[in-house]
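Listed below, chain by chain, are the residues.
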Amino acid sequence: MIQVFDTLASAKRELVLQESGRCGVYCCGPTVYDLSHVGNARAALVPDVIVRFLRQQGLQVKYVRNITDIDDKIIARGQADGVPAAEVAARFADEYHRDMAALGMLEPDVEPRVSGHLEPIIALITTLVGRGLAYAAQGDVYYRVAAFADYGKLGKRKPEELLEGAGSRVEVDTRKESPLDFALWKAAKPGEPAWDSPWGPGRPGWHIECSAMCGAHLGETFDIHCGGRDLIFPHHENEIAQSQGAFGPGTFAQYWVHNGFIDFAGEKMSKSLGNFFTTREVLALHDAETVRYFLLTVHYRSGLNFDVRVDCPECGAAMGREAQDQGVCPACGATPGPEALRTRVRFPGLEEAEDRLAYVYTTLAGARKLLAEAGAASPAPATSPGALLQAFCEHMRNDFNTGGALGTLSRPLADINGLLSAGKGVDKAARLAAVAAFVADMEQVAAILGCFGAEPGVWLRRRRDRRAAQMRLDLARVEELLTARREARAAKDWGRADAIRDEMSALGLTVNDGPEGSTWDFA
RNA sequence: GGCGGCAUAGCCAAGUGGCUAAGGCGACGGUCUGCAAAACCGUUAUCCCCGGUUCGAGUCCGGGUGCCGCCUCCA
């Protein structure tokens, strides 16, 4: 049994599919008017992992994630840049794909765009008008909220209460029958992109596209609908009004899954507040798996703190937010410009996550090595899920609790590391079997998370090279030092060996002496 | 103002009324080591406050307090 927290029910519900063995998932994708930020990455990752898990559990999943390529913000961006809106949309859709690919996201099975769905959108609006749930007014078409009894159910709002607040913050459009009514179709103003419709040239309103595209690709009724919390009201509320208005009660999404926000300095990270980090900025410093792991350490419905640390380029002291804004280091009085500060941005949470990834990959590397050395004597890989995978999946079945699931890995990882270093007193066959089971289970875990699936040596080398480049580390020099230290140790010249270690320490490195020689890592 | 959410160790964090409240980071002991490091072992929690329901509450209910979000574009 898989339980899913459904926003509409405000409770966890057992996942009962429309059609046994098959699951339809719709994710409200991006409006492509700018580069994606970490919040967008999280919103994409949540359905990504849900889909991966459901597939790992043997379900046939159809994953649909749309692209909103007709929108006021896109038009505004086009006007600001002096570029046609369609060009803005095409460009940022490409950028989005680049970011998602870089983050290791599954490609959706279908990625519908508004611009390719004008027909179903117009058909849906026509149906709503025909059923008295929408009305045309001077080239616009509005949804008649008062005609839909369940309006407000998802967002837990009452129309009367909404009416009290309406008009105080937004000027009331006189063409609407009620301030609550929302646009299904917007008449084109001069210079705006427009499509023909029964109501004249114009473009779809924001909400109608999702109703139309869900219908086109998942049918009138489907299983899971994902999106950020902020979309609950009014976006998803309006989708329900549109779709159930057209197709009838009980249709449309059966489970509403909403992810929490990423917070930055205790506040919501958002473009409108200008306090966001783009996916690209983050990926410049950290591996995709690190970002995924970091985002998955917390339950998807919770807020997630995205800590940012900036050290003074002069003295290295941490500069708080105020100091950053003022551009003055409180410790040494230096006045680094925004550019200089930008180069010193660090993400402590991601650094911790990366170290954890390195630990897991190091363990995997050791496990694989042991199995390879055992060669033909290695036991057949486990055919049934081991204890590790079962414990992991138990948490995943509980509303995709990735944080709890990740916690179950700690004990097995420590045990395997213990087995890898312990030589005597352990039954050889039992040891091999345990390690083989671990590797087999971790492959499934990797399939679910999109982490830990790389070739361990490759991942570790990539991490080393990236960090070395960031530190402008001379790898050849490091190897020289390491060789020198090996020689000094072989000659039991401890003074020299320690001096070399100090030198490496000054470079920001640590030395690990093992039975098979010395290796180094970042401090 | 209306609605919703959250509050668990120094920090992050899981916890679907029931045996000793996961896990990570940090810190402190120990094993290993020439010394270290890594790895492993161990230690580190009157679950925001007050009341209630219950044989039993971190978990359910009521009331505080404090943060956050939505109500306008937002992932």
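Our structure is the block above this text.
Residues numbered from 1 in each chain as written. Chains lettered and ligands numbered in written order. Predicted model: local features only at pLDDT ≥ 70, side-chain atom pairs only at ≥ 80, totals over all residues. Heavy atoms only, no water.

## Re the nonpolar core
Taken as a class, soluble globular proteins show a tendency for nonpolar side chains to be buried jointly. Definition in use: Residues belong to a common nonpolar core when they are buried Ala, Val, Leu, Ile, Met, Phe, Trp, Tyr or Cys residues joined through side-chain atoms within 4.5 Å. Exposed residues in this analysis have more than 50% of their type's maximum accessible area, buried residues have under 20%, and partly exposed residues fall in between, with area computed by a 1.4 Å probe over protein chains only. As annotated, the domain borders come from an automatic or database domain assignment. Only heavy atoms enter the contact rule, under which two residues are in contact if any of them lie within 4.5 Å.
Counting residues in hydrophobic clusters, the biggest one holds 91 residues, and the most contacted among them are Leu54, Ile224, Phe306 and Phe452. Shared between two domains, this core takes at least three residues from each, and those domains are domain 1 (16–268) and domain 2 (350–457). If near-sequence neighbours (up to four positions away) are discounted, isoleucine 224 is found in contact with Leu15, Cys23, Gly24, Val25, Tyr26, Ile50, Leu54, Tyr255 and Val257. If you look at the next biggest cluster of nonpolar residues, it comprises 40 residues, including Cys28, Val64, Val145 and Tyr151.

## Observations concerning the sheet that holds strand E6 (residues 140–143)
Hydrogen bonds between backbone atoms are what pair the strands of a sheet, whose relative direction is either parallel or antiparallel. Put simply, the test is: A pair of strands is treated as paired once DSSP finds two or more bridges between them. Each helix is a run of H or I in the DSSP string that is no shorter than four residues. Each strand is a run of E no shorter than two, and both are numbered from the N terminus. Lines fitted to the C-alpha atoms define the axes, with helices restricted to the stretch that makes contact. Angles between their N-to-C directions range from 0 to 180 degrees.
The antiparallel open sheet is built from 4 strands, whose spatial order is E5-E6-E7-E8. Both outer strands of the open sheet, strand E5 (134–137) and strand E8 (202–204), are each paired with one neighbouring strand and no more. The average angle at which neighbouring strand axes cross in this sheet is 20°, direction not considered. Pairing of E5 with E6 involves 4 bridges; the strand directions are antiparallel. When the sheet's bridge partners are listed, tyrosine 135 is paired in E6 with tyrosine 142.

## Some points on the pattern of salt bridges
For clarity, the threshold we go by: We define a salt bridge as a side-chain nitrogen of Lys or Arg found within 4 Å of a carboxyl oxygen belonging to Asp or Glu.
Under the definition given, this model contains 41 salt bridges. For arginine 466, the salt bridge goes to aspartate 287, with nearest N and O atoms at 4.0 Å. Residue arginine 466 is located in helix H17 (residues 456–470), and its partner aspartate 287 is located in the loop between helix H8 (279–285) and helix H9 (288–296); the two are separated by 179 residues in the primary sequence. Taken as a pair, arginine 466 and aspartate 287 share a single burial class, namely buried. Salt bridges sharing partners connect three or more residues here, namely Asp287, Glu354, Asp355, Arg462, Arg463, Arg466, Arg467 and Asp521.

## Things to note about H9
Selection rule: Polar contacts here mean pairs of N or O atoms no more than 3.5 Å apart (in protein, one a potential hydrogen donor and the other a potential acceptor; neighbouring residues in sequence count only if both atoms are side-chain atoms).
Burial analysis of H9 places 9 of its 9 residues in the buried class, which makes it a mostly covered element. Among the residues making up H9, those that are buried are Ala288, Glu289, Thr290, Val291, Arg292, Tyr293, Phe294, Leu295 and Leu296. Capping the start of H9 is the job of one residue whose side-chain oxygen sits 2.9 Å from the backbone nitrogen of glutamate 289: aspartate 287.

## Notes on the state of the cysteines
Using the following cut-off: In plain terms, two cysteine sulfur atoms within 2.5 Å form what is called a disulfide here.
Using the criterion set out here, one finds 0 disulfides in the structure. Free cysteine: cysteine 226, not disulfide-bonded; nearest cysteine sulfur from cysteine 27 at 5.9 Å. The class of cysteine 226 is buried, set by a relative accessible area of 1%. Here cysteine 329 stays free of any disulfide, with the sulfur of cysteine 312 as its closest cysteine sulfur at 3.6 Å.

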